[in-house]
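The residues making up each chain are set out below.
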Amino acid sequence: MNCSTGKRCFEQESLALEALIQNHVFNNYSPNEGPINVYECPQCGCWHFTSKGNKHSIFEDSGVSERIKRERVANYWERKLR
C-alpha cells in the first residue's frame with residue numbers, strides 16, 4: 001500500500017514497532033536522532049515512523065535496548081566479514 005505522505009506503510013502497529021527497532025539497529029542513530037515513535041496515519045490508516053513527539057516507551061525496555069546493542073554488533077561484524 002502507498003500513502004500520499006510518501007512514507008513507508010505498516011499494516012499493524014506491532015510491525016511498525018519491530019521495523020522501528022530494526023531501523024535503530026541498522027542506522028545507529030545518536031540519542032536525539034532518527035525516528036522515535038510510530039503513528040496511525042489519518043490518510044491511509046497504516047502506521048508510519050515519526051521523529052516528532054515523545055519517544056515510544058519500547059525504548060525504555062532494557063531488553064529492547066540490549067537487543068539493539070547486540071544486533072548492532074552482529075550487523076557490524078557481518079558487514080566487516082563480507
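Here's a quick rundown of the structure. (Residues numbered from 1 in each chain as written. Predicted model: local features only at pLDDT ≥ 70, side-chain atom pairs only at ≥ 80, totals over all residues. Heavy atoms only, no water.)

A word on helix 1 (residues 13-27)
The terminal C-alpha atoms of helix 1, which comprises 15 residues, lie 21 Å apart, in line with the 21 Å expected from a rise of 1.5 Å per residue. Where helix 1 is concerned, the buried positions are Ala16, Leu17, Ala19, Leu20, Ile21, Asn23, His24 and Val25. Those residues of helix 1 that are buried lie in contact with strand 1 (37-40), strand 2 (47-50) and helix 2 (62-80). Directly beyond the C-terminal end of helix 1, a positive phi value near 45° is found at Asn28. (Helix = DSSP H or I, 4+ residues; strand = E, 2+ residues; numbered from the N terminus. Expected span 1.5 Å × (residues − 1). Buried < 20%, exposed > 50% of the residue type's maximum accessible area, 1.4 Å probe, protein only. Contact = heavy atoms within 4.5 Å.)

Topic: the pairing of strand 1
Pairing between strand 1 and strand 2: four bridges, direction antiparallel. Following the sheet pairing, Asn37 is matched in strand 2 by Thr50. Hairpin connection of strand 1 to strand 2: six residues between the antiparallel strands, including Gly45 at a positive phi of 80°. (Pairing = 2+ DSSP bridges.)

Some points on the nonpolar core
Membership of the largest hydrophobic core comes to 14 residues, with the highest contact counts inside it found for Phe10, Leu20, Val38, Phe49, Ile58 and Ile68. For this core, the elements supplying multiple residues, two or more each, are helix 1, strand 2 and helix 2. Tallying contributions element by element places helix 1 first for this core, with six residues. For Phe10, the contacting residues outside a window of four places in its chain are Leu15, Ala16, Ala19, Cys46, Trp47 and Phe49. Cys9, Cys41, Cys44 and Cys46 belong to the second-largest nonpolar core, a separate cluster that totals five residues. (Core = buried A, V, L, I, M, F, W, Y, C linked by side-chain atoms within 4.5 Å.)

A closer look at the layout of surface pockets
Taken as a whole, the largest pocket spans an internal volume of roughly 200 Å³. No other element matches the five residues that helix 2 contributes to the lining of the largest pocket. Grouping the amino acids of the lining of the largest pocket by side-chain chemistry returns six nonpolar, three polar and four charged. (1 Å grid on protein atoms, 1.4 Å probe; cavity = no way out; pocket = protein on both sides within 12 Å on 5 of 7 lines; lining within 4 Å. Points joined across faces, edges and corners; volume = space filled by probe spheres on them. Nonpolar A, V, L, I, M, F, W, Y, C, P; charged D, E, K, R; others polar.)

Details of the packing of aromatic side chains
Aromatic ring pairs are described here by two measures, namely the spacing of the ring centres and the angle between the planes. Summed over the entire model, instances satisfying the criterion amount to two aromatic pairs. Measuring from centroid to centroid gives 5.4 Å for Phe10 and Phe49, while their planes differ by 25°, and the two rings are stacked. Taken together, the residues span a long stretch of sequence, with Phe10 in the segment before helix 1 and Phe49 in strand 2 at a distance of 39 residues. Ring geometry for Tyr76 and Trp77: centres 5.2 Å apart, planes at 80°, overall edge-to-face. With relative accessibility at 44%, the residue Tyr76 sits in the partly exposed group. Residue classification places Trp77 among the partly exposed positions, given a relative accessible area of 44%. Over the aromatic face of Phe59 sits the side chain of Lys55, whose NZ or CZ is 5.2 Å from the ring centroid. (Phe/Tyr/Trp six-rings, centres within 6.5 Å; stacked < 30°, edge-to-face > 60°. Lys NZ or Arg CZ within 6 Å of the ring centre and 35° of its normal.)

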